[in-house]
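If you want the building blocks of each chain, they are given just below.
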Amino acid sequence: MSTSQASASAASAQTATEQATIATTQAEMSTSQASASAASAQTATEQATIATTQAEAATSQAGASAASAQTATKQAARAEELVNAATGGSLLKDQNLADLSSTQTARQNLNVYSTTQIDKQIAGRVAVTTTICGKPLTDNIELSPEDVGINSSDDAELHRRLRINSLIGENLLPIY
């Protein structure tokens, strides 16, 4: 073999070695990528398992909540039945006592007067024609300083001081 052939063979061997190194590197990269893909697949599988478990727990809780709601509805219906049985269907709020068999008996049991009884009690106590300072007692009245004989600002100030002293129970404001 000639030197040129030996050089060519050596160059060919060098190229083959380089190609083998490149192929090995590519194989290692492919193996690494496959391992990463397998790890990602494992993580995805674990996350899917966790999500499935959480979904099952949520479904279970929803079922328990629905059962609780049904129980509460049944208990409310039973309570209403008991109230109706105890009261005979009377004393319902929306009836405003119209469902009583006898309002007179209820009034006697509660020891309260009827409107007619109250009118009879107060009749004649204060005459409808009674007035105070010329104002009839058909409604609330307001008295002004003039109504009680206070005409000047000095009298009004005296009246104000007297009123304050009487409210606080002491003679703190001088009266002059």
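In this text, all values refer to a predicted model and were calculated from it rather than measured experimentally.

A word on the overall build of the chain
Helix and strand content of the chain: four helices and two strands. Going from the N terminus to the C terminus, the chain shows its helices and strands as α-α-α-β-β-α. The burial tally for the chain puts 4% of its 176 residues in the buried class. The contacts in the chain between residues at least 6 apart in sequence include a share of 0% that link residues at least 24 apart. Accessible surface, the chain: about 14500 Å² in total, of which carbon and sulfur atoms supply 55%.

A look at the pattern of salt bridges
Following the criterion strictly, the structure yields one salt bridge and no others. Its salt-bridge partner being Glu81, residue Arg78 comes within 3.5 Å of it at the nearest N-O pair. With Arg78 and Glu81 both in helix H1 (residues 3–87) and three residues apart, the pair spans about one turn of that helix. A residue is classified by how much of its surface remains accessible, and Arg78, at 46% relative accessible area, is partly exposed.

Remarks on H1
Under the 1.5 Å per step criterion, the end-to-end length of H1 is 124 Å for 85 residues, consistent within 8% with the ideal 126 Å. Gly88 sits one or two positions beyond H1 and adopts a positive phi of about 70°.

Digging into the confidence of the model for the chain
With 89% of its residues at a pLDDT of 70 or more, the chain shows a mean pLDDT of 79. Mean pLDDT in the chain bottoms out at helix H4 (residues 153–168), which sits at 72, and peaks at H1, which reaches 84.

Thresholds, definitions, all that
- The residue count restarts for each chain, going from 1 along the sequence in the order it is written.
- Selection of residues for local features in this predicted model requires a pLDDT of at least 70, selection of side-chain atom pairs for listing and counting requires 80 or more, and totals for whole chains, interfaces and linings are taken over all residues.
- Each side-chain value is derived from all of the structure's non-hydrogen atoms; neither hydrogens nor water enter the calculation.
- Counting from the N terminus, the helices are the DSSP runs of H or I reaching at least four residues and the strands are the DSSP runs of E reaching at least two.
- Categorising residues by exposure relies on relative accessible area from a 1.4 Å probe, with only protein chains included: less than 20% of the type maximum marks a residue as buried, more than 50% marks it as exposed, and the intermediate range marks it as partly exposed.
- In what follows, a contact means two residues having at least one pair of non-hydrogen atoms within 4.5 Å.
- Areas reported as accessible are Shrake-Rupley estimates using a 1.4 Å probe. Residue values count occlusion only from the protein chains shown.
- Any carboxyl oxygen of Asp or Glu within 4 Å of a side-chain nitrogen of Lys or Arg constitutes a salt bridge here.
- The length a helix should cover is 1.5 Å for every residue beyond the first.
- Here pLDDT means the predictor's own confidence in every residue, given as a number from 0 to 100.

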